Amino acid sequence: MATDWLALCRGAAEDVRVVLAELPTRAEREPVVAHGEGGDDTTAIDAAAERVILARFADVDASIVSEEVGERGSGGMRVVIDPIDGSLNAKRGIPFFALSIAVAVGATMGDVEFAFVHDFGSGEEWTARRGEGAFLNGEPLGPQLPKERIELLAFEATLTREVAEKAAAFNGLAHRFRIMGSLAISLCHLAAGRLDAVCSLKPYRSVDVAAGQLLVRERGLAVANADGGDSFSDAPLDLVPRSRIAAAGTDDVCRQVIAALSA
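Residues numbered from 1 in each chain as written. Predicted model: local features only at pLDDT ≥ 70, side-chain atom pairs only at ≥ 80, totals over all residues. Heavy atoms only, no water.

## Let's talk about the overall build of the protein
Then comes step 1: Along the protein, the regular secondary structure elements total eight helices and 15 strands.
Then comes step 2: Computed over its C-alpha atoms, the radius of gyration of the protein comes to 17 Å, within 12% of the 18 Å expected for a compact globule of 263 residues.
Then comes step 3: Taking all 263 residues of the protein together, 56% fall into the buried category.
Then comes step 4: For the protein, long-range pairs separated by at least 24 residues make up 62% of all intrachain contacts whose partners lie at least 6 apart in sequence.
Then comes step 5: Of the accessible surface of the protein, which amounts to about 11300 Å², a share of 49% is contributed by carbon and sulfur atoms.
Then comes step 6: Each charge class in the protein can be summarised by its mean position, and for the 26 positive and 39 negative side chains these summaries are 5 Å apart. (Helix = DSSP H or I, 4+ residues; strand = E, 2+ residues; numbered from the N terminus. Rg over C-alpha atoms; globule rule 2.2 N^0.38 Å. Buried < 20%, exposed > 50% of the residue type's maximum accessible area, 1.4 Å probe, protein only. Contact = heavy atoms within 4.5 Å. Areas by Shrake-Rupley, 256 points an atom, 1.4 Å probe, with all protein chains shown as cover. Lys, Arg positive; Asp, Glu negative; His and termini not counted. Charge placed at Lys NZ, Arg CZ, Asp CG, Glu CD.)

In structure tokens:
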């Protein structure tokens, strides 16, 4: 019997919602309990969310790549999980963070065939299936696409120093910035035409973008590695950060974003 990935992901989102209720405040959510395989400190909320998601996927014949525990299993499919993308927002009670899950038939970004992003703030469910389109709450995304001139650009993976170093290079290219704190959700908003471009100021990990990028690509939009090397489609689904990401409505605008990042 084929795996019902959507049902599994929805179950995982409900499991995380229970965890959020059990750890309702910053005092419970932010204590550091370990150092994750993805390179960041593992906080109590990260660990609790990952624990219930891994339990949900325990019987799935797949390799699991997750932010805190790294890679486990040896199944033919690869499931790439960020239990909480935007964990600083989650820790501080800012309602802009998500569960991000991507299912791939191989080991690269181009192999992702199913994507699920659940925004715990808005309650929106973003999904995509390769070759079948991108969806919001089960309905195909409408005709609205990003503008060809950047009115809103989302900076992600930002420290104050990084923003200060790069902001001036976007003068004249982007009218306004948004720094919202979840790369997965920002890519979904790009796919829906709510944003006109997205970029990260430090190298991304596959768990941050594997799901969101499929929505972007299913909309016919552009997404690329900003720092050369392998093409974005060939980027490995592992936990090694190799390049910053740039995404926009067209290849030309995406190239302009990359040029500004590299200035």
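More follows now that the structure is in view.
## Some details on the environment of Leu 152
Then comes step 1: Checked against the element boundaries, Leu 152 lands in strand S11 (residues 150-156).
Then comes step 2: Once the C-alpha coordinates of Leu 152 and Arg 178 are considered, the two residues, 26 residues apart in sequence, prove to be 6.8 Å apart.
Then comes step 3: Excluding its chain neighbours within four sequence positions, the residues that come into contact with Leu 152 are Arg 176, Arg 178, Arg 194, Leu 195, Asp 196 and Ala 197.

## Some words on the pattern of salt bridges
Then comes step 1: For the structure shown, the criterion picks out 12 salt bridges.
Then comes step 2: The shortest N-O distance in the salt bridge between Arg 78 and Glu 71 comes to 3.2 Å.
Then comes step 3: By relative accessible area, which is 15% here, Arg 78 ends up buried.
Then comes step 4: Using a relative accessible area of 45% as the deciding quantity, one classes Glu 71 as partly exposed.
Then comes step 5: In this structure, Glu 151 and Lys 147 form a salt bridge, with 2.6 Å as the shortest nitrogen-oxygen distance.
Then comes step 6: Residue classification places Lys 147 among the partly exposed positions, given a relative accessible area of 44%.
Then comes step 7: A network of salt bridges, in which partner residues are shared, links Glu 67, Arg 205 and Asp 208. (Salt bridge = Lys/Arg side-chain N within 4 Å of Asp/Glu carboxyl O.)

## Considerations on the state of the cysteines
Then comes step 1: This structure, assessed with the given rule, holds zero disulfides.
Then comes step 2: With no disulfide of its own, Cys 9 lies closest to Cys 188 among cysteine sulfurs, the gap being 13 Å.
Then comes step 3: Just so you know, Cys 199 is unpaired, no disulfide at all, and the nearest cysteine sulfur is the one on Cys 254, 9.6 Å from it. (Disulfide = S-S within 2.5 Å.)

## Remarks on the sheet that holds strand S15 (residues 245-248)
Then comes step 1: Judged by pairing direction, the sheet is mixed, and its five strands sit side by side in the order S12-S11-S13-S15-S14 without closing on themselves. The sheet terminates laterally at strand S12 (174-178) and strand S14 (222-225), the two strands that pair on one side only. Sheet twist, expressed as the average angle between the axes of neighbouring strands with direction ignored, equals 20°.
Then comes step 2: Across four bridges, S11 lies against S12 in parallel orientation. What sits directly across from Ala 154, in S12, is Arg 178.
Then comes step 3: This element, helix H6 (residues 183-191), spans S11, strand S13 (197-200) and S15 of the sheet and lies at about 160° to S13. (Pairing = 2+ DSSP bridges. Axes fitted to C-alpha atoms, helices over the stretch in contact; angles between N-to-C directions.)

## A few points about the packing of H6 against helix H7 (residues 206-218)
Then comes step 1: For the pair H6 and H7, interaxial distance at closest approach is 8 Å and the crossing angle is 0°. Classified by the interaxial angle, the pair formed by H6 and H7 is roughly parallel. Residue-level contacts link Leu 183, Ala 184, Leu 187, Cys 188, Leu 190 and Ala 191 of H6 to Asp 208, Val 209, Gly 212, Gln 213, Leu 215 and Val 216 of H7.
Then comes step 2: Residues of the contact of H6 with H7, tallied by class, amount to nine nonpolar, two polar and one charged. (Parallel < 35°, antiparallel > 145°, perpendicular 65-115°, else oblique. Nonpolar A, V, L, I, M, F, W, Y, C, P; charged D, E, K, R; others polar.)

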